[in-house]
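# Examination of the molecular architecture
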Amino acid sequence: MVEAEHLSVGYGDSVVLENLDFSVPRGDVFAILGGSGSGKSTLLRALIGLEEPLRGTIRIAGEALAREGPPAYGVLFQSGALFGSMTLAENVTLPLAKWTTLDRHAIDAIVRSKLRLVGLEGFENHLPAEISGGMKKRAGIARALALDPSLLFLDEPSAGLDPVTSAELDDLIVTLNTSLGMTTVLVTHELRSIFAIVKHCIMVDGRTRTIIARGDPAALRDQSADPQVRAFFNPQSRAA
Amino acid sequence: MTDHCEPGFRVERIELQDGRAELRFGGQLRFRQCFASWQSVRRLVRPPAAHLAFDLSGVDTLDGAATALLLDLRDEVLAAGSTAEIVGAHGGVRAMLDLYGSHPPRPSLHAPPARIGILDQIGRETLTLVRESRGLDFIGDVVVAVAKAIRAPGFVNWRELPRLMERAGADSLPIVLVINFLVGLVTAFQAAIQLKQFGANIFVADLVGLSVTRELAPLMTAIIVAGRSGAAFSAELGTMRVSEEIDALRTLGLDPYGFLVFPRVITLLLVLPLLTILADVIGIAGGILVAMLGLDITANAYLIETQKAVGLWDVFSGCLKTVFFGLSIALIACQRGLAAGGGAEGVGRATTSAVVTSLFAIVVVDAIFTVLFNAFGL
């Protein structure tokens, strides 16, 4: 679903990660892992077209990233990034109004169903400032799903959430993956989420600027010989 | 033996054999109690002893800042060439010392930045400033977006216009009217003082009419709009940028220029001339008030004189300038907002910069128009 070949990302002359090769199978829940400052967010920004790769190619569903036209994927940003002057319904309406020729009635029906899907029925007319952090993320997912993409990118979905809300969000991601077959690529630090929902992952390292591990998170935790990988997956052993 | 007592804690110096000495602390060694008298405690390490022991066996409580002061004092003694040690600590006091002083140094996760010279630093900062302001990128993006908007007018978020026009126009009307009324009034007063000497009272109407319509009303209105709407645009877009809303727009396939920048530019292009016409009227009204109260000129006579002096071109030329003022204010504010970075502080910087640059641009544009109008005899 997502293929990166010889991909180098960074800003200007500064290379953050280089010569990365990886692919995300269709229907996977795939995580980009790494310590703070390792470049995983930069990689995500390149994958969603917000930063031009320094070198290499990114393909989504076999095609190069399009700069024009309706997006081929949905994105949930770390803060939710809802438009503060718009209600939740207006936020979800925005991509539908832009990229479809549906009438108002049809758009409203879709918006209601998307908000119901993420558990926000009845909050259509609330402004982002009036809801909690977890609800903002849910609304962000509803907006990302507005155009029914088959690929969803999530940037730190659990960041700043309490464990219960975080687990609820994980459940939602798993539901979207199993029920809709949606491919999900996420950047996260949350070990509980990683082991609960992620099928495959890569771990990037800012010092070597490369992928230092890839595979099933549980297998990496138990079998990796790399001390950095082991420390990431077993922080309690490091503390001890 | 030298004693030092403070409420809550005490310390005494005890001289031992062979040039050895001991500082014996007791009580609760808390920062709040000990920092005020720490200079006195420091004096107890003098005269230097061959070996100085800090005995904490009598200390019940030790807090973080007091630990730091204590360790610093020990290091000072060591640096002076004596030997020193902390003894007798127990329980929580021992734990606090271990926490602050006994663990091995923890290496930073990142390599420390290399030291760079001041010239190098100035160069780097200048390059960063140029890169971050993205002025040329912005102009290029605006040109491309204008072409898109001409090809497809739906590219512009027209639905935002009424809300923006209300905020930039209707909401700023009271302050625009008050300021311009006062400007007309003050101008008339100043003119009256001079013209009265020559018995040319009626020419106050000419002076006020021309200066208000050609210069003062457009300029004052633009300054108010720059301070109000320019700052608001910049802060709004800056906040959207730092909270990833601009990125979200892009990932939804929406162009920030069509969605955010153009509605704001169009708003000021429409609103500023309208506000200026109203400012012209209220500025002249300020002049009438002074003429009626201070110069014994009737409102009718004042208006007839104004009509003779002020032509349609005078009003139009003022409004024409405001179109360019509006364009400058909106583009500068949006550019600064879209280039904001670094959280709340970055938004504040962008807003300040937007207002200052807009004011500068207004004066420059006004000067250019004045020169052009003079050159062409307009």
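Let us look at the structure shown here. Note that the coordinates shown come from a computational prediction; the quantities given were computed from them, not determined experimentally. (Residues numbered from 1 in each chain as written. Chains lettered and ligands numbered in written order. Predicted model: local features only at pLDDT ≥ 70, side-chain atom pairs only at ≥ 80, totals over all residues.)

Let's shift gears to the overall build of chain B. From N to C terminus, chain B includes 14 helices and five strands. The globule rule puts the C-alpha radius of gyration for 378 residues at 21 Å, and the 35 Å found for chain B is more than 25% above it. Across the 378 residues in chain B, those meeting the buried criterion constitute 38%. Long-range contacts, defined here as pairs at least 24 residues apart, represent 81% of the contacts in chain B between residues at least 6 apart. (Helix = DSSP H or I, 4+ residues; strand = E, 2+ residues; numbered from the N terminus. Rg over C-alpha atoms; globule rule 2.2 N^0.38 Å. Buried ≥ 20, exposed ≤ 12 C-beta atoms within 10 Å, placed from the backbone. Contact = placed C-beta atoms within 7 Å.)

Next up on the list: the sheet that holds strand E1 (residues 2-11) of chain A. Residues and elements named next belong to chain A. One open sheet accounts for four strands, arranged E2-E1-E4-E5; its pairing is antiparallel. Every other strand in the sheet has two partners, leaving strand E2 (14-24) and strand E5 (63-64) as the edge strands with one partner each. Bridge analysis of strand E4 (residues 55-60) against E5 gives two bridges, and the strand direction is antiparallel. By the bridge assignment, Ile 60 is partnered in E5 with Glu 63. (Pairing = 2+ DSSP bridges.)

Counting from both sides, the interface comprises 16 residues of chain A and, opposite them, eleven residues of chain B. For the side of chain A that touches chain B, the element with the highest residue contribution is helix H2 (residues 88-99) of chain A, accounting for four residues.

A few words now on the nonpolar core. A:Ile32, A:Leu47, A:Phe153 and B:Ile329 are the most contacted members of the largest nonpolar core, which has 133 residues in total. At 18 residues, helix H9 (residues 203-242) of chain B tops the list of elements feeding residues into this core. Those residues within four positions of A:Ile32 in sequence are excluded, and the remaining contacts are A:Lys40, A:Leu43, A:Leu44, A:Val185, A:Val187, A:Ile202 and A:Val204. B:Ala21, B:Leu62, B:Leu73 and B:Val93 belong to the second largest nonpolar core, which has 25 residues in total. (Core = buried A, V, L, I, M, F, W, Y, C linked by C-beta atoms within 7 Å.)

Okay, the packing of helix H8 (residues 173-197) of chain B against H9(B) next. The axes of two packed helices give the description: the angle between them and the distance between them. Residues and elements named next belong to chain B. Across the interface, H8 lies against H9 with an axial gap of 9 Å and an inter-helix angle of 145 degrees. Crossing angle aside, the handedness with which H8 passes H9 is right-handed. Facing H8, whose interface residues are Ile 175, Val 176, Ile 179, Asn 180, Val 183, Gly 184, Thr 187, Ala 188, Ala 191, Ala 192 and Leu 195, H9 presents Phe 203, Val 204, Leu 207, Val 208, Ser 211, Val 212, Leu 216, Ala 217, Met 220, Thr 221 and Ile 224. The residue makeup of the contact of H8 with H9, split by class, is 17 nonpolar, five polar and no charged. (Axes fitted to C-alpha atoms, helices over the stretch in contact; angles between N-to-C directions. Left-handed = near helix turned anticlockwise from the far one by under 90°. Nonpolar A, V, L, I, M, F, W, Y, C, P; charged D, E, K, R; others polar.)

These values are about where atoms sit, not about what they do.
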